[in-house]
Structure formats: structure tokens, C-alpha cells
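Topology and contacts: notes
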Amino acid sequence: MNLLLVAIGLSKVVFGGLVAALGIWFAFRGLNRLLGLNPTVDLQQGNVAAGIVHAASLLALGLLAHNAVNATFDAVDLTFRGASVPPVMLARLAFFAFTHVGVSLLVGSAVLALGMLLFDRMTPGVDELAEVRRGNVALALVLAAILLVLAWLTAPGLQAALNGLIPFPELPADTWRAPS
């Protein structure tokens, strides 16, 4: 049994759970306020259209944060391949990991808010949020699709832009190392 791998795996579970909790809170409170929706009231009233938009915002931010979590896990795996890791490196890695996730959630929310503005421009004369509050499921499905497509298509670019925040360890040039 490799206790280091068990500890790393458990730390990844904890980190993933924290990111999920933060993303859910951020989507429910932050993004939905940007969109002008109140998830608590909408869900209590059984508004299916609003539920669709809330679910899409959760999925969209999850898609965007997924890349941040994967990049962090890659950095952790590379860090622990070598010799012992000093505590200062662990603290630095944790700082950059949470910064990466935070920036991902903020940028993701901004991208999704811009998507909402785009949808608003595409449908002049229609108050989309008022329609969602009234329970217009057709409009909610289109808005949900826009949010998900934006997240799906911008996630790789966001990952590429934010990879510079994680201090990946430098590997020597022209050195091949077989997995152990």
C-alpha cells in the first residue's frame, strides 16, 4: 500500500468537494444575481423555467471549474513525482490552486453574464428574465443551452489562459522518465 498516494487521493477528494461547494454557492448566489434571478424564491414557487436556468448555470460553472481542478491535480501529481516536497512548496501550490479556481469562477461568471447579454440582444423586445420568472420553459431551455454552449466552448481557452497561474515544476530538457 502506498500511503502517499492514498493521502494525495484523499486531498484531491477534499479539494474537489470544496471547489464544488464554492461553485454551487457562487452559481446560486453570484451568477444568478447577475442574471437577476432569485433561486430560493424560484425553487420554492416550483418555477420549472427558473429551475432550468439555475441548473444550467450550475452545470456551466461546473464545466468551467472542471479545467481548473484538473490543472491543479496535474500540478500536484508532477510535484509529488520527485523527492520530498518542502512545506513551503505545498503552501504555494495550495495558494495558486485556490487562486486558479477563484479566477476560473469569476471569469466563468463574466462569460456567462456576457452570454445573457448576447441573448438579450438577439431577442429585442423580449424581457428574457421576466419570461423565465413567468415560467416560459421554451425560453428557459434556449437560455440554458446558450449558457452551456458558452461554457463548453470557452472552457479550453480559459484553461489555456489560466495554466500560467499554477507553478508546474520544471522538468529537465530532453530527459525522459518512465512512469514508476
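None of these values were measured; they are calculated from a predicted model.

Definitions and cut-offs
- Residues numbered from 1 in each chain as written.
- Predicted model: local features only at pLDDT ≥ 70, side-chain atom pairs only at ≥ 80, totals over all residues.
- Heavy atoms only, no water.
- Helix = DSSP H or I, 4+ residues; strand = E, 2+ residues; numbered from the N terminus.
- Buried < 20%, exposed > 50% of the residue type's maximum accessible area, 1.4 Å probe, protein only.
- Contact = heavy atoms within 4.5 Å.
- Areas by Shrake-Rupley, 256 points an atom, 1.4 Å probe, with all protein chains shown as cover.
- Core = buried A, V, L, I, M, F, W, Y, C linked by side-chain atoms within 4.5 Å.
- 1 Å grid on protein atoms, 1.4 Å probe; cavity = no way out; pocket = protein on both sides within 12 Å on 5 of 7 lines; lining within 4 Å.
- Points joined across faces, edges and corners; volume = space filled by probe spheres on them.
- Nonpolar A, V, L, I, M, F, W, Y, C, P; charged D, E, K, R; others polar.
- Axes fitted to C-alpha atoms, helices over the stretch in contact; angles between N-to-C directions.
- Parallel < 35°, antiparallel > 145°, perpendicular 65-115°, else oblique.
- Left-handed = near helix turned anticlockwise from the far one by under 90°.
- pLDDT = per-residue confidence, 0-100.
- Patch = residues over 30% accessible without salt bridge, like charges linked within 9 Å, V, L, I, M, F, W, Y side chains within 5 Å.
- Salt bridge = Lys/Arg side-chain N within 4 Å of Asp/Glu carboxyl O.
- Expected span 1.5 Å × (residues − 1).
- Bend = angle between axes of the 7 residues up to and from the residue.
- Polar contact = N/O pair within 3.5 Å; in protein donor to acceptor, adjacent residues only side chain to side chain.

Each helix and strand counted, the protein has six helices and zero strands in total. The order of α-helices and β-strands along the protein, N terminus first, is α-α-α-α-α-α. Burial statistics for the protein: of 180 residues in total, 36% are counted as buried. Long-range pairs, those at least 24 residues apart, make up 81% of the contacts in the protein with a sequence separation of at least 6. When the accessible area of the protein is evaluated, it comes to approximately 10300 Å², of which 70% is carbon and sulfur surface.

Of all hydrophobic cores here, the largest spans 34 residues; its most connected members are F15, V53, L61, V132 and L143. With eleven residues, helix α3 (residues 48–79) is the largest single contributor of residues to this core. Setting aside its immediate chain neighbours within four residues, L143 contacts V53, M116, F119 and V132.

Along the polypeptide, T40 turns up in helix α2 (residues 39–44). As a C-alpha pair, T40 and F28 span twelve residues in sequence and 8.7 Å in three-dimensional space.

This part is about the layout of surface pockets. What the largest pocket holds in volume is close to 290 Å³. What lines the largest pocket is a set of 16 residues, among which S11, F15, V76, L93 and A94 lie closest to the centre. Within the residue set of the lining of the largest pocket, elements represented by two or more residues are α1 (3–34), α3 and α4 (87–122). By residue number, the principal contributor to the lining of the largest pocket is α1, which donates seven residues. Residue classes in the lining of the largest pocket are distributed as 13 nonpolar, two polar and one charged.

The next thing to look at is the packing of α3 against α4. With their axes 9 Å apart at the nearest point, α3 and α4 run at an angle of 160 degrees to one another. Looking at the two axes, α3 sits roughly antiparallel to α4. Along this stretch, α3 crosses α4, giving a crossing that reads as right-handed. Residue-level contacts link A60, L61, L64, A65, N67, A68, A71, T72, A75, V76 and T79 of α3 to M89, L93, A97, H100, V101, S104, L105, G108, S109 and L112 of α4. Class assignment for the residues of the contact of α3 with α4 results in 14 nonpolar, seven polar and no charged.

Before going further, it helps to spend a moment on the confidence of the model for the protein. Of the residues in the protein, 87% reach a pLDDT of 70 or more, and the chain-wide mean stands at 80. Of all helices and strands in the protein, the one with the weakest mean pLDDT is α2 (79), whereas helix α6 (residues 137–162) scores best (88).

Now for a nonpolar patch on the surface. Among the surface-exposed residues, M1, L3, V6 and L10 lie close enough to one another that they form a single nonpolar patch of about 500 Å² accessible area. Looking at where L3 falls in the secondary structure, it is placed in helix α1.

This brings us to the pattern of salt bridges. A side chain with one charge can pair with a side chain of the opposite charge if their charged atoms come near. Enumeration according to the criterion identifies one salt bridge in this entry. Two residues, E131 and R134, come together in a salt bridge whose shortest N-O distance is 2.3 Å. Of the two residues, E131 and R134 both sit in helix α5 (residues 128–134), three residues apart, roughly one turn of that helix.

Structurally, the position occupied by S104 is in helix α4. Once you skip the residues sitting within four places of it in the chain, S104 turns out to touch L64, A68, L158 and L162.

Turning our attention to α6. For α6, with 26 residues, the first-to-last C-alpha span of 35 Å sits near the 38 Å given by 1.5 Å per residue. The sharpest bend along α6 comes to roughly 40 degrees, located at T154, with the proline P156 sitting one to four residues further on. Of all the residues in α6, the buried ones are L139, A140, L143, A144, I146, L147, A151, A155, L158 and L162. Of the surrounding elements, those touching the buried residues of α6 are α3, α4 and α5. Where α6 begins, the capping side chain belongs to N136, and its oxygen is found 3.2 Å from the backbone nitrogen of A138.

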